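Structural features, examined
Listed below are the residues making up each chain.
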Amino acid sequence: MNNLGKFITLEGVDGAGKTTHIEFIKKYLSDLDINYVLTREPGGTILGERLREILLHDEMNHETETILMFAARNEHIDKVIRPNLIKGNVVISDRFTDATYAYQAGGKGVKDEKIDILKKWVQGSLQPNLTFLFDLSVDISIERLNKTRTLDKFEREDKNFHENIRQKYLMLAKLSPERFCILNSEKSIEKIQNQIKLKLDEVLR
Ligand code: TMP
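Here goes a summary of the coordinates provided. (Residues numbered from 1 in each chain as written. Predicted model: local features only at pLDDT ≥ 70, side-chain atom pairs only at ≥ 80, totals over all residues. Heavy atoms only, no water.)

The subject of this paragraph is unusual backbone geometry. Following E41, the chain continues into P42 via a peptide bond in cis, with omega recorded as -10 degrees. One non-glycine residue, D33, adopts positive backbone phi at about 60 degrees. Take D33: it is sitting in the loop between α1 (18–31) and β2 (36–40). A positive phi angle, near 85 degrees, is found at R95, a position not held by glycine. (Helix = DSSP H or I, 4+ residues; strand = E, 2+ residues; numbered from the N terminus.)

Let us look at the site of the ligand. The environment of the ligand is formed by 14 residues, the closest being K18, R52, R95, T100 and Q104. Within the side chain of K18, a nitrogen or oxygen atom sits 2.8 Å from an oxygen atom of the ligand. At 3.1 Å, a side-chain N or O of R73 approaches an oxygen atom of the ligand. Relative to its unbound accessible surface of 480 Å², the ligand loses 94% to contact with the protein. Where the shell around the ligand is concerned, the elements lending two or more residues are α2 (46–57), α3 (62–87) and α4 (97–107). Counting residues per element, the shell around the ligand draws most heavily on α4, which supplies 4 residues. (Near = heavy atom within 4 Å. Polar contact = N/O pair within 3.5 Å; in protein donor to acceptor, adjacent residues only side chain to side chain. Areas by Shrake-Rupley, 256 points an atom, 1.4 Å probe, with all protein chains shown as cover.)

Summed over all chains, the structure comprises 17 salt bridges. Ionic pairing is found between R179 and D98, a salt bridge with its closest N-O pair at 2.8 Å. With R179 in the loop between α7 (159–175) and β5 (180–184) and D98 in helix α4, this pair connects stretches of sequence that are 81 residues apart. D98 sits in the buried class, given a relative accessible area of 7%. Residue D112 pairs with K168 through a salt bridge whose shortest N-O separation is 2.9 Å. Within this pair, whereas D112 is found in helix α5 (residues 112–123), its partner K168 is found in helix α7, the two being separated by 56 residues in sequence. Given a relative accessible area of 26%, D112 falls into the partly exposed group. The structure contains a network of salt bridges with shared partners spanning E11, D14 and R95. (Salt bridge = Lys/Arg side-chain N within 4 Å of Asp/Glu carboxyl O. Buried < 20%, exposed > 50% of the residue type's maximum accessible area, 1.4 Å probe, protein only.)

Here's what the structure looks like:
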C-alpha cells in the first residue's frame, strides 16, 4: 500500500553525508510546490523520539534493540507515514527498515529471518518507492565522523562494524535494484545532486 503519495528513504553508513543532501531535497521539492514531510528513524513521533534517545545511547541486547527499532517504526508508520501517504504527500524518511537489516543484522548479527518477521508484522505491504543509498568507503566515513560532534553508540563502533554495515547495504541494493539509487559520496556535491534530481523527477513524475 502506498496509495497516493510516494515514500522515499535515505540510507547509508554514518558520516556518508545524508544531512547535506536532505537540505537539497527539501529545497528541490519546495521549488516544485510538492507537499512533503521530512521525518526520521528511529524517531519521527513523540514516542519514537523518546525511544531514539534510549536506542542511540543505552547498551542493550541486540534483539531487544531490533524490537525497539520496530516499536518506534510501528508508531511512525501509524502516526506519520501512512496518514501522509494517504493524503498524497511525499514522505521522506531519514532511514527506515533497510537500516535495521544493515545495522542490527549486518553489524550486530541478528538473524535476517527474525527481522523479516517484524517487518511483515509492522509494515505489511508498505515499501519505499525509492531509496537513496549514500555509499562511502569506511575509512573516509570514520575520518569524517571523528571530525564531528559527540558520537552516539553506533558511530563509536569499530571499522569492522561499519564495513559490515556498508556491505549489507550494498547487498540489499543488489537484491532490489528497482528501488535503490546508489550515490557515491566521494563524488562532488554537484554530481550527487544532479543524480538525486534525475531520480526524483523519474519517481515523482
Ligand atoms: P542517524 O545518525 O542517521 O540519525 O541514525 C541514527 C542511528 O541509528 C544510526 O547510527 C543508525 C542507527 N539505526 C539502527 O541501528 N537501526 C535502525 O533500524 C535505524 C532506523 C537506525
